[in-house]
Protein chains: 2
Amino acid sequence: MPAPASPLDPAVAARLKRDSQGLVPAVAQQYDTGEVLMLGWMDDEALHRTLTTGRCTYWSRSRQEYWVKGDTSGHVQHVKSVALDCDGDTLLVKVDQVGAACHTGDRTCFDADRLPLS
Amino acid sequence: MPAPASPLDPAVAARLKRDSQGLVPAVAQQYDTGEVLMLGWMDDEALHRTLTTGRCTYWSRSRQEYWVKGDTSGHVQHVKSVALDCDGDTLLVKVDQVGAACHTGDRTCFDADRLPLS
């Protein structure tokens with residue numbers, strides 16, 4: 001489970017609307033090109049670390065652990081800005097992505113599977 | 001509850017990884033400027049309608065009903081492309097947004113609440 005308490009700024013924590021697992025989706029976008037790179041999940045602690053360390057930190061739902069993007073791959077996300085949406089349930093993190101955002105080696109996680117329109 | 005069955009292309013449905021409510025997050029992005037406009041939720045039926053009607057359709061978790069973006073506000077999202085991410089649990093929908101994406105009147109849902117970095 002995500003950490004129950006966190007040093008996240010209480011004024012921010014009060015506005016966060018978390019899901020039943022204590023998480024909010026975080027959209028990572030390349031700050032200059034506008035590419036949507038990936039979507040990850042953050043709890044209070046992951047958001048706190050993202051705001052204070054300059055590196056994007058997610059909660060891995062599959063591994064049930066914190067995950068500093070790039071710690072194993074080298075494909076670091078340097079944080080440029082973080083915004084909360086109008087209902088407090090989604091984050092937009094603008095980053096400078098080193099290398100590929102996707103574990104497949106693609107630049108973004110959305111490059112490979114375009115769905116047909118009809 | 002979202003509709004239990006849907007005419008969504010079975011080849012697409014087989015790749016979707018839905019949450020416990022049968023939903024996946026859908027990031028809406030302005031196709032030409034790259035602005036991230038909002039995040040909504042889709043079940044199979046909402047995705048099917050989005051792929052086949054040319055208009056973004058979401059499942060409203062608060063109202064528990066389908067929601068064709070712009071039907072009440074006029075702030076329609078014309079669908080340009082839809083992509084599924086590498087693990088099949090997030091959609092990126094590129095749209096041409098008419099007017100404001102946010103119900104507050106802001107262009108995007110992320111314009112108002114930038115969080116402080118430290």
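Residues numbered from 1 in each chain as written. Chains lettered and ligands numbered in written order. Predicted model: local features only at pLDDT ≥ 70, side-chain atom pairs only at ≥ 80, totals over all residues. Heavy atoms only, no water.

Asker: Got a minute to help me understand the interface of chain B and chain A in this structure?
Answerer: Many descriptions give the size of an interface as the accessible area lost when the pieces come together. Between chain B and chain A, the residue contacts involve 37 residues of the former and 37 residues of the latter. Run the count over chain B and chain A and you get four salt bridges. The salt bridge involving R15 of chain B is made with D113 of chain A; its shortest N-O contact spans 2.8 Å. Going through the elements one at a time, β1 (24-30), β2 (36-42), α2 (44-53), β5 (77-84), β6 (91-97) and β7 (113-115) of chain B are the ones with two or more residues in the side of chain B that touches chain A. It is β5 of chain B that provides the largest number of residues to the side of chain B that touches chain A, a total of six residues. Taken together, the residues that form the side of chain B that touches chain A break down as 21 nonpolar, eight polar and eight charged. Taken together, the three bridges between strand β7 (residues 113-115) of chain A and β5 of chain B define a ladder with antiparallel strand orientation. (Contact = heavy atoms within 4.5 Å. Salt bridge = Lys/Arg side-chain N within 4 Å of Asp/Glu carboxyl O. Helix = DSSP H or I, 4+ residues; strand = E, 2+ residues; numbered from the N terminus. Nonpolar A, V, L, I, M, F, W, Y, C, P; charged D, E, K, R; others polar. Pairing = 2+ DSSP bridges.)

Asker: Looking at this model, I keep getting lost on the relation of the copies chain B and chain A. Mind explaining?
Answerer: One copy of the chain maps onto the other through a rotation about an axis followed by a shift along the same axis. Its rotation angle being 180 degrees, the transformation that places chain B on chain A also includes 0.0 Å of axial translation and leaves an RMSD of 0.0 Å. Interpreted geometrically, this transformation is the action of a two-fold axis. For chain B, the residue whose C-alpha comes nearest the rotation axis is G34 of chain B, separated from it by 2.4 Å. (Least-squares fit on C-alpha atoms with pLDDT ≥ 70 in both.)

Asker: Even after reading the chapter, I still don't get the sheet that holds β2 of chain B, so can you show me in this structure?
Answerer: Strand pairing in a sheet is mediated by backbone hydrogen bonds. Such pairs are either parallel or antiparallel. A sheet is described by the order of its strands in space; here five strands give the open sequence β7(A)-β5(B)-β6(B)-β1(B)-β2(B), paired in mixed fashion. Two strands in the sheet have a free side with no partner beyond their single neighbour: β7 of chain A together with β2 of chain B. The sheet shows a mean angle of 30 degrees between the axes of neighbouring strands, direction not considered. (Axes fitted to C-alpha atoms, helices over the stretch in contact; angles between N-to-C directions.)

Asker: Would you mind showing me how to read the environment of Q30 of chain B here?
Answerer: All names here are of chain B. Along the chain, Q30 falls in strand β1. According to the relative accessible area criterion, Q30 is buried, its value standing at 3%. If we skip the residues at most four places from it in the chain, Q30 touches E35, L37, V95, D96, Q97 and R107. Polar side-chain contacts of Q30 include one of 2.9 Å to the backbone nitrogen of Q97. (Buried < 20%, exposed > 50% of the residue type's maximum accessible area, 1.4 Å probe, protein only. Polar contact = N/O pair within 3.5 Å; in protein donor to acceptor, adjacent residues only side chain to side chain.)

Asker: Would you mind showing me how to read the sheet that holds strand β1 (residues 24-30) of chain A here?
Answerer: Strand order in the open sheet made by the five strands is β2(A)-β1(A)-β6(A)-β5(A)-β7(B), with mixed pairing throughout. Single-partner strands in this sheet number two, and they are β2 (36-42) of chain A together with β7 of chain B. Along the sheet, successive strands turn relative to each other by an average axial angle of 30 degrees, direction set aside. Bridge count for strand β5 (residues 77-84) of chain A against strand β6 (residues 91-97) of chain A is seven bridges, and the pairing is antiparallel. Looking at β6 of chain A, one finds that Q77 of chain A is bridged to Q97 of chain A.

Asker: Before we go on, may I ask you to explain the pattern of salt bridges in this structure?
Answerer: Oppositely charged side chains are able to pair whenever their charged atoms sit close together. Residues and elements named next belong to chain B. Under the criterion given, the structure shown has 14 salt bridges over all chains. A salt bridge links R107 to E35, with the nearest nitrogen and oxygen atoms 3.3 Å apart. With R107 in the loop between β6 and β7 and E35 in the loop between β1 and β2, this residue pair connects regions lying 72 residues apart in the sequence. Here E35 falls in the partly exposed class, since its relative accessible area comes to 26%.

Asker: In this structure, what is going on with the UniProt feature "binding site: Mg(2+)" (unreviewed entry) in chain A? I would like to understand it.
Answerer: Mapped onto the present numbering, the UniProt feature "binding site: Mg(2+)" (unreviewed entry) falls on D85, D87 and D89 of chain A. Note that D87 of chain A resides in the loop between β5 and β6. Here D87 of chain A falls in the partly exposed class, since its relative accessible area comes to 32%. With residues up to four places along the chain from it excluded, the contact list for D87 of chain A reads K17 of chain A together with H103 of chain B. Among the structural elements, D89 of chain A can be located in the loop between β5 and β6. Setting aside residues no more than four positions away along its own chain, D89 of chain A makes contact with K17, V24 and P25 of chain A together with R61 of chain B. Side chain to side chain, D89 of chain A and T90 of chain A meet in a polar contact 3.3 Å long. (UniProt positions renumbered as here; feature names shortened; annotations may be inferred.)

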